[in-house]
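Below are the chains, spelled out letter by letter.
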Amino acid sequence: MEMVVGVKKMWGVALLTVLNFFFFFSGSVDGFVMGEQPLSKIAIHRITLGHSNTTSITASPILLGSNGEDTEWVNVDLDHDNPSAGDWIGVFSPANFNSSICSPESSDSQDRAPHICTAPIKYKFAIDSNSDYTKTGKASLKFQIINQRADFAFVLFSGGLSKPKLVAVSNSVTFANPKAPVYPRLALGRAWNEMTVTWTSGYDIDEGVPLVKWGLQGGQPKRSFAATSTFTKNSMCGSPARTVGWRDPGFIHTSFLSNLRPNTKYNYRMGLFLSNGSYLWSKAYSFRSSPSPGQNSLQRVIIFGDLGKVERDGSNEYNNNQPGSLNTTDQLIKDLPNIDIVFHIGDITYAQGYLSQWDQFTSQMEPIASTVPYMIARFFQGSKLSPPGLEPPYVLIFVLTVNVLPLELCMMDGHGNHERDWPNSGSFYNGPDSGGECGVLAETMYYSPMKNKDKFWYSIDYGMFHFCVADSEKDWREGTEQYKFLNHCLASVNRKKQPWLIFTAHRVLGYSSDFSYSMEGSFGEPGARENLEKLWRKYKVDVAFFGHVHNYERTCPVYQEQCLNLEKSRYSGTVNGTIHVAVGGGGYHLSKFSDDIPSWSIYRDYDYGFVKMTAFNHSSLLLEYKKSSDGKVYDSFTISKDYY
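Residues numbered from 1 in each chain as written. Predicted model: local features only at pLDDT ≥ 70, side-chain atom pairs only at ≥ 80, totals over all residues. Heavy atoms only, no water.

A.B. asks: Whenever I open this one, the packing of aromatic side chains confuses me. Can you help?
C.D. replies: A full pass over the atoms with the stated rule returns 28 aromatic pairs. When the centroid spacing of 6.2 Å and the interplanar angle of 35° are considered together, the rings of Tyr374 and Tyr446 count as tilted. Residue Tyr374 is located in strand 21 (residues 374-375), and its partner Tyr446 is located in the loop between helix 8 (440-445) and strand 23 (458-462); the two are separated by 72 residues in the primary sequence. Relative accessible area serves as the criterion here: at 1%, Tyr446 is assigned to the buried category. Three or more aromatic residues link up through ring pairs in this structure, and these residues are Trp88, Phe92, Tyr123, Phe125 and Phe157. Seen from the ring of Tyr203, Lys179 lies directly overhead, with NZ or CZ sitting 4.7 Å from the centre. The positively charged end of Arg537 is found above the aromatic ring belonging to Tyr559, 4.7 Å away from the centroid. (Phe/Tyr/Trp six-rings, centres within 6.5 Å; stacked < 30°, edge-to-face > 60°. Helix = DSSP H or I, 4+ residues; strand = E, 2+ residues; numbered from the N terminus. Buried < 20%, exposed > 50% of the residue type's maximum accessible area, 1.4 Å probe, protein only. Lys NZ or Arg CZ within 6 Å of the ring centre and 35° of its normal.)

Shown next as structure tokens:
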């Protein structure tokens, strides 16, 4: 029997790998394919030159962020003497892009060398702003530009995305301080009374010492210094991250704010102590610290997966790739006063090797991630030991550089397959979903409290909740190191103090009737339930959350495919089974369900949405599924029980 199960599991993994490759590589350049990264449609290395002296393209204003803004609107006016429906404008940064950084594709002919070897940050078709463009040659477009550590140029191409010809380049525009500290991301530290602040800037530690100024309202502010990290092109595992998708990431800083009072509001600013002796500070932000473990207070948790990003200016063909992302983001921003912590359980940006999109994502999520802990993928972090002769706080910098295919670096895990997976990189799954990022971006841009940077599994205490976070991209089978961790994590909680025991992972290690899983008959990752379900039952896990499948589904309290409670929405007393919730409809293209509805499936929704989980006290829990389109509740259930 064990051999049969093992063969079935390996066959399932092989089938999923084949499907991953199929969906990743299928589709034409100009025709949109479901799940295709929009920037990948641009044939960068096929660009030819067709400069026109009678065509003009101008961008204004020239100076952005004069009052400290990190997001501005830029007007681009176009007057083209030979317009066509395939004309498009790409936003390039840095503005001084040319072939000097490109390697010739062939030594046979100089003409065959690429003229451009980096993708734009975003693009728009000229005709989208003026339906008469092909007649008049005139268009006026608006682009939303964020501070990304360099200047910008707007470039007109003809020939569509598959055969682009460079026609004209605008003047450059820049932020007043393109290197300013921006886009803070909060996360819980390894202790319940510790908050981490991660942000991005253009300052190396030779230019300034990164730090956070923080404290209580009206109190004497403290200053905590930050560790700094970055990485190079050779840190990437493959293309496009290592080629056309590469963009300098700047410097990522993380500071640890410790010994916080429970459930207390703190104000903070990120900044730098510059080499000239002055300070540079960001705008002011605030957060509320975590409740102490077991604290009896109202605690509200948001959970979703597979969000992605969308440009608010309609660029990158807006709704084609990640249509629900902005709706989800905006609903969370609207409800932010009623949110305490967010869990984004994998598949974060869908940058898929186009590194500029990580800045775009951190900007999109800034109103949320700067205010509440945003638990996501891992941050590459070094030792917290003090360097010789330097007492804490201190500053360290880590530069990830590898001159050959970085297998050791690729062993790092992102939370989801679209951050982590790359062939022969040590992932449990061998697909190309990360676009060559192999977890480096996810780990560097965000902090998570794992104990070992190569093993993205960890536990979190948040008031009355105890979370056990699994890494579905690493081996979770019985006998492995991760399995032992999960067993310990689930066993170690004091249910009288923290009654709500929650399991999360990116891939569906439990139950889902998504079409992809039903095709192979597993209704979840092959072999996962055979290995993990007995742990969930033994330790009475209340709810298990998963992403990866882009829809919403809730099961009954289930064990071995059998409902152990016939109630649909009001559970009380001993529930016996674990309720499984797939909540991967954050924003990326939706995935269909199987035609047949399994007996354990209580509610299914083919739409974008997220879950809000509210613990009122030690004996009452509410879970609500809200659609991203209107923020209304479409499914809910309560659990009432007493561990005293």
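A.B. asks: Whenever I open this one, the nonpolar core confuses me. Can you help?
C.D. replies: By size, the foremost hydrophobic cluster in this structure holds 82 residues, and its most contacted members are Phe343, Tyr374, Phe545 and Met613. The residues contacting Phe343, other than those within four sequence positions of it, are Val301, Ile302, Ile303, Phe304, Met375, Ile460, Phe467 and Val469. If you look at the next biggest cluster of nonpolar residues, it comprises 26 residues, including Trp476, Tyr483, Leu490 and Trp536. (Core = buried A, V, L, I, M, F, W, Y, C linked by side-chain atoms within 4.5 Å. Contact = heavy atoms within 4.5 Å.)

A.B. asks: Mind showing me how you'd approach the pairing of strand 14 (residues 222-231) here?
C.D. replies: Consecutive side chains of a regular strand alternate in pointing toward one face of the sheet and then the other. The element strand 14 is largely enclosed, with a buried count of 7 among its 10 residues. For strand 13 (residues 208-215) and strand 14, the ladder comprises 4 bridges, and the chain directions are antiparallel. Bridge pairing links Trp214 to Lys222 in strand 14. The pairing of strand 14 with strand 15 (residues 251-257) spans 4 bridges and is antiparallel. Each bridged residue has a counterpart across the sheet, and for Thr228 the counterpart in strand 15 is His253. (Pairing = 2+ DSSP bridges.)

A.B. asks: Is there a simple way to explain the sheet that holds strand 32 (residues 609-617) in this structure?
C.D. replies: Sheet strands pair by backbone hydrogen bonding; their relative direction is either parallel or antiparallel. Strand order in the open sheet formed by 7 strands is 21-20-19-32-33-34-29, and the pairing between neighbours is mixed. Every other strand in the sheet has two partners, leaving strand 21 and strand 29 (570-572) as the edge strands with one partner each. As paired strands, strand 29 and strand 34 (residues 633-640) are joined by 3 bridges and run parallel to one another. If you follow Tyr571 over to strand 34, its bridge partner there is Ile639.

Remember that the coordinates give geometry; whether it matters functionally is a separate question.
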